[in-house]
Amino acid sequence: MFAGSTLNAQWVLEVEIDGDLERFPVGTAAFGPQVTDTLTAPALIGMDGSDQPQLGCEPLTTDLSGAFGLLRRGDCTFKQKALNAQNAGAIALIVCNTLDELVTIPDDGDITEEITIQTVSLSSSDCRVIRDAVNAGSDVSISLYEIPLAIVWGGPDDPNSTFDGGLNDWTTVGIRCSNDNFGNEVDAANAQWEWVANPVSLGAYAGTTPMVSPSASNGAVIFDSDLLDNTGIPNAFMTGDCPAPQTAQLISPMMDLSGFPAVALTFYQNYRVFGGPGGGPGGGTASFVEVSGDGGENWTRFPVNEDIEVNSATSNPNRVALDISEVAGDRSEVQVRFVWDGDYYFWIIDDVEVVELPEVNLAIERAFFPLTSVCIPARFAPEQEMEFEVQVSNVGGADQNIEAIVQVVNINTDEVYFTETQQIANLGRGTDTTVTFQNSFSSTELIPGDYIVNYRVRTPGEVDFDPSTNVISYFFRISEDIYANEDCAQLSGFGGLRAVDVFTWYWGNAFYIGDLSGSDGSSEVFFTGGQGSLFLQGDSEWTNESVFMHLLKFNEPGKDAFNNFNTEVTDEPIAHPDLTPVALAVVTPDLLNQVGNGNLFEVSFNEFFLVDGSPADAPIALEQGHYYFLFLQLDEDQVEPFMFVGQNSGNITAAEPRELLHLGDGYGLFQEASRRPVIRMRVDITNNTTETELAQEKGFLIYPVPANNELNIDLDLPQLKDVSIEMYDVQGRVINRSVHPNAGTEIIN
């Protein structure tokens, strides 16, 4: 019934709901058994006795005997959930992920009890199908099994495929080492791929987490650029056996693929990069696969990991599938080589196979982010009419009838606010199409909180060979009063990148101020402050007096105007003809030292000076229907300053950039598309009335709105009662509490 982990199969969860069948891919666990025969049982939602019962982190109160248990991801390890489900009688556990991605479930060495049930992970959308059906009382039956892959070369029993105990019949060739720190040439032969029993980099900077490929226990191969450059010693750059950047090849033995015209090369990898060919950040990918179909005479290059940005890594492990049919299909003398050509950190390879090209293999190439910022104040949400578009490719072996789906989902509650499905008939192998969804969505009904725009593609009733390419999710937050192009809930601990060595540079975000005026023109919008974060390398303190925050208006109106910014004009932002300066503030060394490295600072409106030199003694009026840029400017380089940036958490795709970087000779984006400057804008909205009702419900009225120094609460209760009043700031913190005994009809202020 159960067996160990297998490499040459794909795990499938088949779900029957009132007679209708669906099949979903799942992620497997590094602990517990795996079934060898089909495992079939009903589905039940597990509950514990906590205030978040579906997480299953405490002993379950639900009897899961003879069933697949469903629990949500979060708060405790997967293995703890599996143990609790096992103790509740489950025959298997499905862990519902918080996002539409499959997770390779890690072990937890702190839990020593034997796990005797199989645990799998399921994407949030697929889990939602099962959970909604169970909650609706439908008849839900689940089957778990694996689909064997047709392996043409390699497999779990082939040591050349799994690198069992060494390189075996693979060879490694050094092409290039850079000069050492004294400028001396270094022998290129030192640029070597190596077999390692524990697949992890030993360099000073790459990290210490081993790769968790299916056959990692018998070793893997690595090009350890980090170790070769510094011998594992921090700051010992260019002192190792082969200083970076380096170039090296790992070459396979000959493969006979005769009789198989449609083939794919698959392998597991763990990859982290700093710079590509030529070295230095932003140089592109450092990893390439080259394939020869004529015994090594001619080679065709396939770049991989092009979406992995500077100082970033793939998931661990990450499975890659490349269609090599045109080069290698039905050929008898095929060779593959992995080429490292770059600057830091490492590339680990394991479990290399050639399989028959899977028929079903879709990929999202591009998806449209429908908002102007990642964080948007709730009052401006109605102005953010969302439209949706996605580009889909068929990289499988057969034409497909596919579905493209878009949803807007609350991350915390899993509530779906919008969904639309488009059908695409007969998408040909090797072709792509752009799907424009028919409906738009207004975020009027979204309350402050965390959301995603989730794009998915699938072939109904089929399991995709590489589900990781079937989803793109965009994070956004409805805030109280903050605009930001990254996660505005984060206040500290940002990661940063070094500034370019120029005398003056600017980095900033653009924020669209929607039109709230309405027919009576009553609403006005005001800038009330800016936020940012900076960092100094080492333990030094800020002494630089030349750090400024600029507020500028983009002259052209409209939500699409950002795309028309003239980057051919190289003037600094304060002199650019497309921008009008509004106000300027000095970010003092005292403020930067007070908040500390990597933490958020805030500059209030009353610390800004207007363009005429006068201090801003009131919030600064903003013209609606325009973008406003908030830039930080640094002059006079001080101890390698870093401009701090934020990243979206997890694997949520970064949103479209609304940022600009000016480095003295022109404009552009920073070197990493998923990173955003932590520069935020706080706004306020007022109505041109003396007393505006905010709430009149159940016997009370609150006015005026907005309030300055005084807030009135007009009570009209049918009988005398003790009234408790709590006031909160925009971060949800209590700032005042008061109790008013025997209140009836009166005004409290």
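Look above for the structure.
All values derive from a computational prediction rather than experimental measurement.

### What about the overall build of the protein?
Each helix and strand counted, the protein has 6 helices and 51 strands in total. Expressed as a percentage of the 749 residues in the protein, the buried residues total 53%. With the model as given, the accessible surface of the protein reaches about 31800 Å², and the carbon-plus-sulfur share is 46%.

### Details of the nonpolar core
As a rule of thumb, nonpolar side chains are buried together in soluble globular proteins. Phe388, Tyr455, Phe476 and Met681 are the most contacted members of the largest nonpolar core, which has 67 residues in total. In this structure, Met681 is in contact with Asp481, Ile482, Tyr483, Phe511, Ile513, Phe527, Gly529, Leu551, Tyr628 and Leu630, ignoring residues within four places of it in sequence.

### Remarks on the environment of Tyr627
One can find Tyr627 in strand E42 (residues 626-635). When its relative accessible area of 0% is taken as the criterion, Tyr627 is described as buried. Along the backbone, Tyr627 and Pro557 are 70 residues apart, and their C-alpha atoms lie at a distance of 7.3 Å. Those residues in contact with Tyr627 that sit more than four places away from it in its chain are Thr372, Ala510, Phe511, Tyr512, Leu552, Lys553, Phe554, Gly558, Lys559, Ala561, Phe562 and Arg658. There is a polar contact of 2.7 Å between the side chain of Tyr627 and the backbone oxygen of Lys559.

### Describing helix H1 (residues 78-87)
Within H1, 8 of the 10 residues are buried, leaving the element largely enclosed by the surrounding structure. Along H1, the residues that are buried comprise Phe78, Lys79, Lys81, Ala82, Leu83, Asn84, Ala85 and Gln86. One or two positions beyond H1, positive phi appears at Gly89, with a value near 100°.

### A word on empty space enclosed by the protein
Applying the stated criterion across every chain yields a total of 3 cavities of 30 Å³ or more. In this structure, the largest cavity spans a volume of roughly 260 Å³. Taken together, 19 residues line the largest cavity, and the ones lying closest to its centre are Pro25, Asp126, Val457, Pro467 and Asn470. Of all the secondary structure elements, the ones that give two or more residues to the lining of the largest cavity are strand E3 (20-25) and strand E30 (449-458). Partitioning the lining of the largest cavity into residue classes produces 8 nonpolar, 3 polar and 8 charged.

### Here we look at the sheet that holds strand E25 (residues 389-394)
Strand order in the open sheet made by the 3 strands is E22-E25-E28, with antiparallel pairing throughout. Each edge of the open sheet is held by one strand with a lone partner, namely strand E22 (362-367) and strand E28 (432-436). The mean inter-strand angle of the sheet, taken between neighbouring strand axes irrespective of direction, is 25°. Across 5 bridges, E25 lies against E28 in antiparallel orientation. Across the sheet, residue Val390 finds its bridge partner in E28, namely Val435.

### What to know about the pattern of salt bridges
In this structure the tally under the stated criterion is 20 salt bridges. Asp107 is the partner of Lys79 in a salt bridge, and the nearest nitrogen-oxygen pair spans 3.0 Å. Of the two residues, Lys79 is situated in helix H1 and Asp107 in the loop between strand E8 (92-96) and strand E9 (118-122); the sequence distance between them amounts to 28 residues. Take Asp107: its relative accessible area is 43%, and that puts it in the partly exposed class. Beyond isolated ion pairs, a larger network of salt bridges with shared partners links Glu22, Glu403 and Arg458.

### A few points about the pairing of strand E21 (residues 335-356)
Among the 22 residues that make up E21, 21 are buried, leaving the element largely enclosed by the rest of the structure. Bridge count between strand E15 (residues 246-251) and E21: 6 bridges; the pairing is antiparallel. In the sheet register, Gln246 faces E21, and the bridge partner there is Gly342. Bridge count between strand E17 (residues 287-292) and E21: 6 bridges; the pairing is antiparallel. Bridge pairing in E21 places Ser292 opposite Gln335.

### As for unusual backbone geometry
For the bond running from Ala244 to Pro245, omega is -5°, close enough to zero to count as cis. Position of Pro245 relative to the elements: it lies in the loop between helix H4 (225-230) and E15. In this structure, Tyr345 follows Tyr344 across a cis peptide bond, with omega equal to 10°. For Tyr345, the location among the structural elements is in strand E21. Of note in this structure, Thr231 is not a glycine but carries a positive phi near 60°. Backbone geometry places Tyr344, a non-glycine residue, at a positive phi of 65°. Structurally, the position occupied by Tyr344 is in strand E21. Overall, Tyr344 belongs to the buried group, its relative accessible area being 7%.

Reading the values: rules and limits
- Residues numbered from 1 in each chain as written.
- Predicted model: local features only at pLDDT ≥ 70, side-chain atom pairs only at ≥ 80, totals over all residues.
- Heavy atoms only, no water.
- Helix = DSSP H or I, 4+ residues; strand = E, 2+ residues; numbered from the N terminus.
- Buried < 20%, exposed > 50% of the residue type's maximum accessible area, 1.4 Å probe, protein only.
- Areas by Shrake-Rupley, 256 points an atom, 1.4 Å probe, with all protein chains shown as cover.
- Core = buried A, V, L, I, M, F, W, Y, C linked by side-chain atoms within 4.5 Å.
- Contact = heavy atoms within 4.5 Å.
- Polar contact = N/O pair within 3.5 Å; in protein donor to acceptor, adjacent residues only side chain to side chain.
- 1 Å grid on protein atoms, 1.4 Å probe; cavity = no way out; pocket = protein on both sides within 12 Å on 5 of 7 lines; lining within 4 Å.
- Points joined across faces, edges and corners; volume = space filled by probe spheres on them.
- Nonpolar A, V, L, I, M, F, W, Y, C, P; charged D, E, K, R; others polar.
- Pairing = 2+ DSSP bridges.
- Axes fitted to C-alpha atoms, helices over the stretch in contact; angles between N-to-C directions.
- Salt bridge = Lys/Arg side-chain N within 4 Å of Asp/Glu carboxyl O.

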